[in-house]
Amino acid sequence: MLNILLQYAPNWTEHITWLVVVAFIFAFFVSYGMGANDSCNDWGPAVGAGTVKLYQAYILSGILNVAGAVLLGYKVVETLRTGIIEFNIFDVYAQYNHTSHAYDTVDHCGNATLVGGWKAPDILPGAAPVECAKYTSIDFMLTQTASLAGVAAFMILSSCYKIPVSATHAIVGASVATSFYIRGNVGIKWDEIIKIVVSWFISPVIAGIFAGGLYYIVKFSVLIRKDTFKWALRLCPIFMCFTLVVNLYACIYDGSKYLGLDKLNALEALLLSVAIGVAGWAILTFPLKNWLPNRAKRLYDKETIKMQKRVESGKAPKGSKITDMREPEVADNIKELPWYKYLWAYVPEDRLTKKVFNTLQIVSSSMLSFTHGANDTGNTISPLLAIWLCYESGYAFGNAETRDDTQLLLGYGSLAMIVGFVTLGHRTIKLLAHEMTIDMSPISGFCIEVGTAFTVLVCVKFGIPISSTHCTVGAVVFVGMAKSTSEGVSFATFRKICFFWVLCFPMSAIIWNWNHHGASAVPLSR
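Looking up the protein chain in an unreviewed UniProt entry gives the name Phosphate transporter, with the organism given as Caenorhabditis japonica. The Subcellular location (unreviewed entry) field of the UniProt record for the protein chain holds the comment "Membrane".

A. Inspection of the overall build of the protein chain at higher detail. Check the secondary structure of the protein chain and you find 14 helices and 4 strands. Looking at the protein chain residue by residue over its 526 residues, the buried ones come to 57%. Nonlocal contacts in the protein chain, meaning residues at least 24 apart in sequence, comprise 84% of its contacts between residues at least 6 apart. Carbon and sulfur atoms form 65% of the exposed surface of the protein chain, whose accessible area is close to 22,300 Å².

B. Molecular detail of the packing of aromatic side chains. Enumeration according to the criterion identifies 21 aromatic pairs in this entry. Aromatic side chains Y8 and Y135 sit 6.2 Å apart centroid to centroid with 20° between the ring planes, which places their arrangement in the stacked category. Of the two residues, Y8 sits in the segment before α1 (17-37) while Y135 sits in strand β4 (residues 132-136), which places them 127 residues apart along the sequence. This pair shows no difference in class: Y8 is buried, exactly as Y135 is. Taken together, a centroid distance of 5.7 Å and an interplanar angle of 5° make the contact between Y249 and Y253 stacked. According to the relative accessible area criterion, Y249 is partly exposed, its value standing at 27%. The structure contains a cluster of three or more aromatic residues connected by ring pairs, namely F24, F28, F29, Y32, W388, Y391 and Y412. Between R225 and the ring centre of W231, over which it is positioned, the NZ or CZ distance is 3.8 Å.

C. Molecular detail of the UniProt feature "transmembrane region" (unreviewed entry) in the protein chain. Under the present numbering, the feature "transmembrane region" (unreviewed entry) in UniProt falls on residues 16-35, 55-74, 194-217, 229-250, 270-288, 409-429, 441-460 and 497-514. Between the end C-alpha atoms of residues 194-217 there is a gap of 34 Å, over a span that is 100% helix and 0% strand. End C-alpha atoms of residues 270-288 are separated by 25 Å, and the span's content is 84% helix alongside 0% strand.

D. Structural context of the packing of α1 against helix α11 (residues 404-435). The geometry of α1 relative to α11 is characterised by a closest axis approach of 5 Å and an angle of 45° between their N-to-C directions. In this view, α1 runs oblique relative to α11, as classed from their interaxial angle. Read as a crossing pair, α1 and α11 show a hand that is right-handed. The segment α1 lies against α11, with F24, I25, F28, S31, Y32, M34, G35, A36 and N37 engaging L409, Y412, G413, A416, M417, V419, G420, F421, T423, L424, G425 and T428. Looking at the contact of α1 with α11, its residues break down into 13 nonpolar, 8 polar and no charged.

E. Inspection of the side chain of Q361 at higher detail. Residue placement: Q361 occurs in helix α10 (residues 351-393). Residue class for Q361 comes out buried when judged on its relative accessible area of 0%. Reaching out from Q361, the side chain makes a polar contact with the side chain of E449 at a distance of 3.4 Å. Once you skip the residues sitting within four places of it in the chain, Q361 turns out to touch P45, A46, A49, T51, S441, P442, G445, F446 and E449.

F. Focus on the side chain of T243. Here T243 lies in helix α7 (residues 228-252). Polar side-chain contacts of T243 include one of 2.8 Å to the backbone oxygen of F239. Apart from the residues lying within four places of it in its own chain, the contact partners of T243 are V363, S364, F446 and V450.

G. Local environment of the pairing of strand β2 (residues 102-106). Judged from the 5 bridges that link them, strand β1 (residues 91-97) and β2 form a sheet pairing that is antiparallel. Across the sheet, the residue bridging to N97 is A102, located in β2. Counting the residues between successive antiparallel strands, the hairpin from β1 to β2 contains 4 residues, one of them, H101, with a positive phi of roughly 55°.

H. Quick peek at α7. Over its 25 residues, α7 extends 35 Å from the first C-alpha to the last, a length consistent with the 36 Å expected when each residue adds 1.5 Å. Most of α7 sits inside the fold, with 18 of its 25 residues counted as buried. Residue D254 follows α7 closely and has a positive phi angle near 55°.

I. A look at the nonpolar core. Grouped together as the largest cluster of nonpolar side chains are 59 residues, with contacts concentrated most on V218, F357, M436 and F446. For V218, the residues in contact, after removing those within four places along its chain, are L223, F239, F357, I443 and C447. Listed in part, the 50 residues of the second largest apolar core include A27, A94, I163 and A386.

J. Layout of a nonpolar patch on the surface. A surface patch of nonpolar side chains, amounting to about 740 Å² of accessible area, comprises I238, L267, L270, L271, V274, V278, W281 and F286. The element contributing the most residues to the nonpolar patch is helix α8 (residues 266-285), with 6 residues. The exposed category is assigned to L271, whose relative accessible area is 55%.

K. The arrangement of the pairing of β4 in detail. Of all 5 residues making up β4, 5 are buried, and the element is well covered by its neighbours. Side-chain alternation along β4 places C132, K134 and T136 on one buried face and A133 and Y135 on a second face that is also buried.

L. Representation of unusual backbone geometry. A positive phi angle, near 55°, is found at H101, a position not held by glycine. By relative accessible area, H101 is classed as exposed at 57%. Phi is positive for K162, which is not a glycine, with a value near 60°. By secondary structure assignment, the location of K162 is in the loop between α4 (138-160) and α5 (167-183).

M. The pattern of salt bridges, seen in detail. As enumerated under the stated definition, the model contains 4 salt bridges in all. When the shortest N-O distance is used, the salt bridge between D91 and K134 registers 3.8 Å. Residue D91 is found in strand β1, and its partner K134 is found in strand β4; the two are separated by 43 residues along the sequence. Among the residues examined, D91 registers a relative accessible area of 18% and is labelled buried. On the basis of relative accessibility, which here comes to 15%, the residue K134 falls in the buried class. We note a salt bridge from E303 to K355, for which the minimum N-O separation is 3.0 Å. In this pair, E303 is assigned in helix α9 (residues 291-312) and K355 in helix α10, connecting sequence segments 52 residues apart. By relative accessible area, K355 is classed as buried at 11%. Taken together, the shared-partner salt bridges in this structure form one network comprising E303, R351 and K355.

Basis of the calculations
- Residues numbered from 1 in each chain as written.
- Predicted model: local features only at pLDDT ≥ 70, side-chain atom pairs only at ≥ 80, totals over all residues.
- Heavy atoms only, no water.
- UniProt positions renumbered as here; feature names shortened; annotations may be inferred.
- Helix = DSSP H or I, 4+ residues; strand = E, 2+ residues; numbered from the N terminus.
- Buried < 20%, exposed > 50% of the residue type's maximum accessible area, 1.4 Å probe, protein only.
- Contact = heavy atoms within 4.5 Å.
- Areas by Shrake-Rupley, 256 points an atom, 1.4 Å probe, with all protein chains shown as cover.
- Phe/Tyr/Trp six-rings, centres within 6.5 Å; stacked < 30°, edge-to-face > 60°.
- Lys NZ or Arg CZ within 6 Å of the ring centre and 35° of its normal.
- Axes fitted to C-alpha atoms, helices over the stretch in contact; angles between N-to-C directions.
- Parallel < 35°, antiparallel > 145°, perpendicular 65-115°, else oblique.
- Left-handed = near helix turned anticlockwise from the far one by under 90°.
- Nonpolar A, V, L, I, M, F, W, Y, C, P; charged D, E, K, R; others polar.
- Polar contact = N/O pair within 3.5 Å; in protein donor to acceptor, adjacent residues only side chain to side chain.
- Pairing = 2+ DSSP bridges.
- Expected span 1.5 Å × (residues − 1).
- Core = buried A, V, L, I, M, F, W, Y, C linked by side-chain atoms within 4.5 Å.
- Patch = residues over 30% accessible without salt bridge, like charges linked within 9 Å, V, L, I, M, F, W, Y side chains within 5 Å.
- Salt bridge = Lys/Arg side-chain N within 4 Å of Asp/Glu carboxyl O.

Here's what the structure looks like:
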């Protein structure tokens, strides 16, 4: 128990307004750090491939992250807020003492117990005293605030050093450290922790297999053909249909209650997703049949002019500082190899063909940005939501899904993420786009983003707070190997990232512990 002097009277939260303000500040920097780090997963491949400019990524990320957080983020908030610790270990009971006219802390006080649900101003002067009430103890609020401080410091420092890490990973580590320090081993749902930790290692493999498999499909259906541009135009509408169906089904099924999507069953959600996907196929096949090749040629010509100007000015292309990856050699008869050799042979991507996939990558990046808002914003806001509910009602673990202020907090987290992405995100984008794989193109970027979005959205449906960072890094590595075996992937960079992943959990707990000691001796008025 923390060294706190506090009487749990019905208006006890009036004395800790300062703590809520501090929690909001730290929560801002947690979301800021996530925006500077995790948001780069959404648009790093697209910026690296030249599909969108950095300022365009800022605008699209801002719109789609907020939409995903507000419409779907409340689902993941519940998992992290109530799913990893038995919250009743932080319950405290206060019974009114008619002799001293004060509230005494007791072990239990029977069935006539008021459990939160009120605000301090609701207790009117002269009203009959509340005989007994159950609250969430003040030590929970203090340790959650210290957790936010530790995670914020870890995320921002990682972003400064261009290391893509998981805020979800850090928050779970700090939350477990909180409970373990205050209540010991009691109340920690170790089975849930194990499932979450296992998902962190499985998710990059799943995302990588899916993304790498999609790249092989593109490789065999488009890249080894003689007329790759023609085949790209033929298959682009099909890829668009597939992208829309996969992403929209994951969003629609058990989707946002604000749009009424939670009332649709699995079949209805699938039919609606397929209908929209087929509509996307039809639009690209018929009304935009000429628009797609014309756009690709226009982008190709614009890029050619820039390349010519660069050559005329004498500017040499910048070489990569990463020494353990290189451009693989191309076989002389690359279009005449036996089919099985294409599993490891490097097939160059035609510049004009890559421009066809430019459109697909914009859609896939947008879908990934939406899912990032749905999954990761909820993760960062979970501790703040618990603190806010405790301040508002005295109890941190009431039902949050039906409260309007939950959406306001998710919006607050989204705005902080946007600020972090705009001010510091370019550093992590550089690593994902140029320092892990030799050639980030619209084709490989499209495969990476679809694989990541598919994995993240499926896990969101099951309420598993996975890391989109892990999924993206896994997809980058697998697609890089499918594209050019091991020559085009920097495994030194990958090992460095994995090392920080392992440190993420304990480091957040250590930083929490350091912050906690600063908070544990703070006295509050009785």
